[in-house]
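# Summary of structural features
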Amino acid sequence: MATGKLLRQLIKSGIEGNVEAFRAASEEVIKEERQKQHHLLANDLERLLYGRPRDTGVAGSKIAVPVDRERNLALLDIREPVRRIEDVILSRETQTAVEEVLQEHHHRERLGGYGMRPADRLLFYGPPGCGKTLTAEVIASELGLPLAVVRVDAVVSSYLGETAANLRKVFDFAAAHAAVVLFDEFDALAKERADESEHGELRRVVNAVLQMMDAYVGRSVLIAATNHEAILDLAIWRRFEEVLIFEPPTIEQLRRLLALKLRGVRREFEIDEVTALFKGMTHADVERVLRRAIKDMILAGEEFLAARHLEGAARREKPRLARQRRK
């Protein structure tokens with residue numbers, strides 16, 4: 001908690017309407033909280049004061065994003081994360097692992113005193129729509145960092161050696177700037193080298209990824225995400241300090257997810273009455289059904305979401321779910 005002197009300055013400047021004094025006192029409070037390792041609180045205070053955390057190192061700045069030499073395509077898409085830890089519903093094991101990674105980064109200095117670093121290479125795997133990208137955004141948000149999504153379509157080049165060169169630019173960017181760097185569809189860059197159907201260029205790319213991950217020391221957190229973990233090269237797994245699995249939600253997780261997504265929505269039913277409708281769905285499926293049901297309610301000129309809206313939206317989702325299950 002801020003000192004009594006700072007609190008007096010804060011309240012006095014607020015009552016007097018002295019904006020400059022209020023901002024200065026607020027910044028001192030935030031500085032104190034950061035010195036006490038209360039980074040989550042400091043981030044929240046900065047969002048209230050500025051609209052977002054400051055000094056992220058990339059977002060909102062003029063720092064150039066690396067581009068592909070042949071096509072001049074940006075290799076990363078920089079995004080300002082908005083969703084927080086309370087916006088994601090995960091299994092207890094995965095949730096605990098995420099919280100432990102955040103804890104390590106919030107106590108970076110303490111770990112450094114013992115010659116240790118927080119985990120900065122994470123692998124997320126599991127079926128599509130189960131929260132991998134969302135969790136990467138949450139980690140970025142909780143750490144007050146921008147989310148830099150690697151554009152695989154731009155990184156992978158048809159020119160010999162250019163894909164490895166693009167990867168080097170991405171790793172150099174990660175080393176130089178503080179961000180959460182997400183390699184989505186990571187299997188496109190790290191497929192099993194023993195696969196006889198693959199050409200020599202892909203094997204060279206996998207070798208480059210392994211070497212760059214081994215040599216990486218930087219300010220960013222690297223997160224690789226894949227829906228096809230079975231085709232990853234075996235050597236890749238050893239390069240990650242934490243491996244987290246993302247699976248479709250259980251009934252209990254569905255209950256919590258529905259309560260989260262429907263907060264603020266006026267409805268005629270209890271969560272327990274409709275949870276079974278969503279059995280077997282992923283997080284993304286649930287969001288899609290809820291969005292469709294709410295649209296139906298609005299277009300019908302109704303004020304309360306009813307179970308029939310959810311039932312109709314869930315029925316329209318069945319062809320997509322049937323197709324996913326046949327894969």
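Before going into details, it helps to say that this report is about the structure given with it. (Residues numbered from 1 in each chain as written. Predicted model: local features only at pLDDT ≥ 70, side-chain atom pairs only at ≥ 80, totals over all residues. Heavy atoms only, no water.)

### Brief notes about the pattern of salt bridges
We count it as follows: For this analysis, a salt bridge means a side-chain nitrogen from Lys or Arg found within 4 Å of a carboxyl oxygen belonging to Asp or Glu. Think of it in three bands: residues with accessible area under 20% of the maximum for their type are buried, residues over 50% are exposed, and the middle band is partly exposed, with areas taken using a 1.4 Å probe on protein chains only. Under the DSSP-based scheme used, a helix requires at least four consecutive residues in state H or I and a strand at least two consecutive residues in state E, with every element numbered from the N terminus.
Under the definition given, this model contains 22 salt bridges. We note a salt bridge from Asp77 to Arg79, for which the minimum N-O separation is 3.0 Å. Since its relative accessible area comes to 38%, Arg79 is described here as partly exposed. Of the charged contacts, one joins Glu317 and Arg292 as a salt bridge, the two residues approaching to 3.2 Å between their closest N and O atoms. Taken as a pair, Glu317 in helix H14 (residues 307–326) and Arg292 in helix H13 (residues 283–299) lie far apart in primary sequence, 25 residues in all. On the accessibility criterion, Glu317 (0% relative accessible area) is buried.

### Structural notes on the packing of aromatic side chains
Put simply, the test is: Two rings from Phe, Tyr or Trp (for Trp, the six-membered ring) form a pair when their centres sit within 6.5 Å of each other. Planes less than 30 degrees apart are called stacked, planes more than 60 degrees apart edge-to-face, and all others tilted.
Tallied over the entire structure, the rule returns six aromatic pairs. Relative to Phe246, the ring of Phe124 has its centre 4.8 Å away and its plane inclined at 50°; by these criteria the two rings are tilted. Of this pair, Phe124 sits in strand S2 (residues 121–125) while Phe246 is found in the loop between strand S6 (242–245) and helix H11 (251–261), placing the two residues 122 residues apart along the sequence. Across this residue pair, the class does not change: Phe124 and Phe246 are buried. Ring geometry for Phe171 and Phe183: centres 5.7 Å apart, planes at 40°, overall tilted. Taken together, the positions of Phe171 in helix H8 (residues 162–176) and Phe183 in strand S4 (residues 180–183) put the pair 12 residues apart, joining distant regions of the chain. For Phe183, a relative accessible area of 5% puts it in the buried group. Joined through ring pairs, the aromatic side chains of Phe171, Phe183, Phe186, Tyr216 and Phe240 make up one cluster.

### Considerations on the pairing of strand S3 (residues 147–150)
The line we're drawing: Should DSSP find at least two bridges between two strands, the strands are regarded as paired.
Neither face of S3 is left uncovered, since the one carrying Leu147 and Val149 and the one carrying Ala148 and Val150 both have all their residues buried. In the sheet, strand S1 (residues 76–79) pairs with S3 via four bridges, with the strands oriented antiparallel. Bridged to Leu76 within S3 is Val150. Across three bridges, S3 lies against S4 in parallel orientation. Bridge pairing in S4 places Leu147 opposite Val180.

### What to know about the sheet that holds S2
Under the convention used in this document: Convention adopted: a line fitted to C-alpha atoms gives each axis, helices being fitted over their contacting stretch, and angles between N-to-C directions are expressed from 0 to 180 degrees. The contact criterion used is simple: two residues touch if any of their non-hydrogen atoms lie within 4.5 Å.
Strand order in this open sheet of six strands is S1-S3-S4-S5-S2-S6, and the pairing throughout is mixed. Only two strands of the sheet have a single neighbouring strand rather than two, namely S1 and S6. Each strand of the sheet is rotated relative to its neighbour by a mean of 20°, with strand direction disregarded. Pairing of S4 with strand S5 (residues 221–226), which is carried by four bridges, proceeds in the parallel orientation. Across the sheet, residue Val180 finds its bridge partner in S5, namely Val221. Relative to the sheet, helix H6 (residues 132–143) contacts S2, S3, S4 and S5, its axis offset from that of S2 by approximately 150°.

### Brief notes about the packing of helix H4 (residues 92–106) against H6
Put simply, the rule is: Throughout this description, any angle smaller than 35 degrees is read as roughly parallel, any larger than 145 degrees as roughly antiparallel, any in the 65 to 115 degree range as roughly perpendicular, and the remainder as oblique. Throughout, a crossing is termed right-handed when the near helix is turned clockwise from the far one, and left-handed when it is turned anticlockwise from it by less than a right angle. Just so you know the grouping, Ala, Val, Leu, Ile, Met, Phe, Trp, Tyr, Cys and Pro go in nonpolar, Asp, Glu, Lys and Arg go in charged, and all remaining residues, Gly too, go in polar.
Between H4 and H6, the least distance of the axes is 11 Å, while the angle of their chain directions is 30°. The pairing of H4 with H6 is recorded here as roughly parallel in orientation. Seen from above, H4 lies across H6 with right-handed handedness. For the pair H4 and H6, the contacting residues are Val98, Leu102, His105 and His106 in the first and Thr135, Ile139, Glu142 and Leu143 in the second. Residues of the contact of H4 with H6, tallied by class, amount to four nonpolar, three polar and one charged.

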